[in-house]
Amino acid sequence: MKKTILITGWTGYIGSHWVVAFEQAWYKTVIVDNLVNSSLKSLDWIEKILWYKPDFYNVDLRTSLQPSPLEERGQVEKINYIDWKEVKWNFSLEEVFKKYGFDWVIHFAWLKAVWESCEKPLEYFDNNIVWTIKLFEVMEKFWVKNIIFSSSATVYDSRVYEDKNFSWAVETDLTWNTTNPYGTTKFITEQILRDLSSFSGFRVANLRYFNPIWAHESWVIWEDPAWIPNNLLPYIMKVATWELEKLKVFWWDYPTIDWTWVRDYIDVVDLIEGHLKSYEKITSPQPSPLGEREQGQFEVYNLWVGRGISVLEMVEVARKVTWKEISYEIVERRSWDLAEVYCNPNKAKKELNWEAKISLEDSLKNSWKFYNK
Ligand code: NAD
Ligand code: WQD
């Protein structure tokens, strides 16, 4: 009997990869999204890979009522690209739970732009915390207590990254002093889930990642040519295709090989594998003492490569892969930016038997196949 998994926020950059991975791993996925930061083009892409569309519901977690029709939210253009009549529109979360007996929830639905969270903190607290609690209430009401939570390295205090000996058991240290409202929404939700695992029997795989780089060469999703990317890699790729003139490097004052700032870029395919491994880990039978409170579980894992790559190192790899110049200029830093963000993935390696395997060069080669079409 196939396990049925609810994936929230699935049409986004990360979630849509997960739908394909879990469907191909013989799970039935049911997917909800309000399309605030995505397009139904993801359904096209998924159908091209799976040869069918999973059940999609237009659900806005921020209302227990039916969300307003897309037309009223100015999103009608998002439904022109597919036979949208197949899409089930304007459902409440409870109606979806009533319809399916979910075994698991994977919670991706989030407002995730760090810069925007600094400008609209209350919108982020409302969307990401208040209504995630609504999701947890509905889960408990329907006795669905297994969840993979898509957390983030932004929960970490910046001091974690200053210790290059990786002496921090980072899954457990220094997570209270977040540096932006987005990170705060992740940290608070983690604490809620920790308590739900202690007192309400929730079983939680809490996964922290930072810089996924998409590398699914079959990704044929539509991209608006006018789209100006926020993230480093898509920006570099658009410079390589001459859609953008040059890369703006946000400052260089950090003691790396070229003084530019450092991140841990992980291929999205490796990330998916980490989610599947954590799913297996949490669903493995656990001894639950009879008569005691329902046994909950809360496991935290860094899904990281454990390798810091500077901005100009990324540019160099991109030049090698694309055979393009990729010009850049140094500009002022972004106020919310941390100079260096990468940690050790040792706990996931040891307990999930998982580690990132795809090289940065291979990731960029796959990305270039898409951008150079
Ligand atoms: P995304 O914005 O592409 O996808 C998020 C999806 O959630 C969007 O499709 C959006 O429409 C939907 N959504 C947001 N609020 C909603 C609501 N109230 N009701 C229903 N749907 C709603 O983001 P992503 O990059 O795919 O990230 C997915 C998850 O992974 C997020 O939780 C994010 O915080 C986390 N994450 C992302 C990164 C990254 O760099 N992309 C890194 C670490 C963690
Ligand atoms: C990477 C590096 C920039 C663009 C990401 C996600 C965010 C959050 C945290 C979830 C930095 C530099 C970038 C450019 C540049 N995810 N850069 N010029 O800031 O690490 O944030 O992880 O938890 O949602 O976006 O990613 O790709 O924006 O920046 O110099 O045009 O590249 O300074 O050092 P970031 P990014």
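Residues numbered from 1 in each chain as written. Chains lettered and ligands numbered in written order. Predicted model: local features only at pLDDT ≥ 70, side-chain atom pairs only at ≥ 80, totals over all residues. Heavy atoms only, no water.

Our next topic: unusual backbone geometry. A positive phi angle is found at tryptophan 143, which is not glycine, with a value near 55°. Within the secondary structure, tryptophan 143 is located in the loop between helix H5 (121-141) and strand S5 (146-152). The backbone of tryptophan 251 shows a phi angle near 75°, a positive value even though the residue is not glycine. By the secondary structure assignment, tryptophan 251 is in the loop between strand S8 (247-250) and strand S9 (262-263). (Helix = DSSP H or I, 4+ residues; strand = E, 2+ residues; numbered from the N terminus.)

Judged by pairing direction, the sheet is parallel, and its seven strands sit side by side in the order S3-S2-S1-S4-S5-S6-S11 without closing on themselves. Each having just a single partner strand, strand S3 (55-58) and strand S11 (297-302) make up the two edges of the open sheet. Each adjacent strand pair in this sheet contributes to an overall mean axis angle of 20°, direction not counted. Both strand S2 (residues 28-33) and S3 contribute to a ladder of four bridges, which runs parallel. Bridging across to S3, valine 32 finds its partner in tyrosine 57. Set on the sheet, helix H1 (residues 15-24) makes contact with strand S1 (4-8), S2 and strand S4 (104-107); between it and S2 the angle comes to about 165°. (Pairing = 2+ DSSP bridges. Axes fitted to C-alpha atoms, helices over the stretch in contact; angles between N-to-C directions. Contact = heavy atoms within 4.5 Å.)

Time to look at the packing of H1 against helix H8 (residues 268-283). Interhelical geometry of H1 versus H8 gives an angle of 55° and a closest axis separation of 10 Å. Comparing their axes, H8 and H1 come out oblique. As for how H1 packs across H8, the hand of that crossing is right-handed. Contacts between H1 and H8 involve His17, Trp18, Ala21 and Phe22 from the first element and Val268, Leu271, Ile272, His275, Leu276 and Tyr279 from the second. (Parallel < 35°, antiparallel > 145°, perpendicular 65-115°, else oblique. Left-handed = near helix turned anticlockwise from the far one by under 90°.)

On to the nonpolar core, then. Ranked by internal contacts, the top residues of the largest apolar core, which has 37 residues, are Ile5, Ile7, Trp10, Trp18, Phe22, Ile106 and Leu303. Breaking this core down by element, the ones donating at least two residues are S1, H1, helix H2 (41-50), S4, strand S6 (203-209), H8 and helix H10 (346-352). With six residues, the top contributor of residues to this core is H8. Ranked by size, the runner-up nonpolar core spans 32 residues in total, among them Val114, Phe149, Phe202 and Val300. (Core = buried A, V, L, I, M, F, W, Y, C linked by side-chain atoms within 4.5 Å. Buried < 20%, exposed > 50% of the residue type's maximum accessible area, 1.4 Å probe, protein only.)

The three strands are arranged S12-S9-S14 in an open sheet whose pairing can be described as mixed. The sheet is open, and its two borders are formed by strand S12 (309-310) and strand S14 (340-341), each paired with just one other strand.

This part covers the packing of aromatic side chains. What describes a pair of aromatic rings is the distance from one ring centre to the other and the angle between the planes of the rings. Under the criterion given, the structure shown has 13 aromatic pairs. Geometrically, the ring pair formed by tyrosine 57 and tyrosine 100 is edge-to-face, given 5.9 Å between the ring centres and 80° between the ring planes. One end of the pair, tyrosine 57, is in strand S3; the other, tyrosine 100, is in the loop between helix H3 (93-99) and S4, with 43 residues separating them in the sequence. For tyrosine 57, a relative accessible area of 0% puts it in the buried group. Ring centres 5.1 Å apart and planes at 80° place the aromatic pair phenylalanine 97 and phenylalanine 102 in the edge-to-face group. As far as burial versus exposure is concerned, phenylalanine 97 and phenylalanine 102 are alike and both buried. (Phe/Tyr/Trp six-rings, centres within 6.5 Å; stacked < 30°, edge-to-face > 60°.)

Here we take up the environment of leucine 233. With respect to the helices and strands, the residue leucine 233 is situated in helix H7 (residues 232-240). For leucine 233, a relative accessible area of 5% corresponds to the buried category. Each C-alpha atom, one on leucine 233 and one on valine 315, is 8.8 Å from the other, the two residues being 82 residues apart in sequence. If sequence neighbours within four positions are ignored, leucine 233 has contacts with Ile213, Met314, Leu364 and Ser367.

Contact geometry of helix H9 (residues 311-322) with helix H11 (residues 360-371) gives a least axis separation of 9 Å together with a crossing angle of 55°. What the angle tells us is that H9 and H11 run oblique. Judged by the sense of rotation from one axis to the other, the crossing of H9 with H11 is right-handed. When H9 is examined against H11, the residues Met314, Val317, Ala318, Lys320, Val321 and Thr322 are found in contact with a partner set consisting of Leu360, Glu361, Leu364, Lys365 and Trp368. Of the residues belonging to the contact of H9 with H11, the class tally is seven nonpolar, one polar and three charged. (Nonpolar A, V, L, I, M, F, W, Y, C, P; charged D, E, K, R; others polar.)

Moving on, we come to the site of ligand 2. Ligand 2 sits among 19 residues. The nearest are Ser152, Asn231, Lys248, Arg263 and Asp337. For ligand 2, an oxygen atom lies 3.0 Å from a polar atom in the side chain of asparagine 211. Contacts to ligand 2 include asparagine 231, whose side-chain N or O atom sits 2.6 Å from an oxygen atom. For ligand 2, the protein covers 92% of the area, taking 690 Å² as the surface of the free molecule. The element contributing the most residues to the shell around ligand 2 is S8, with four residues. Looking at the shell around ligand 2 residue by residue, the classes come out as ten nonpolar, four polar and five charged. (Near = heavy atom within 4 Å. Polar contact = N/O pair within 3.5 Å; in protein donor to acceptor, adjacent residues only side chain to side chain. Areas by Shrake-Rupley, 256 points an atom, 1.4 Å probe, with all protein chains shown as cover.)

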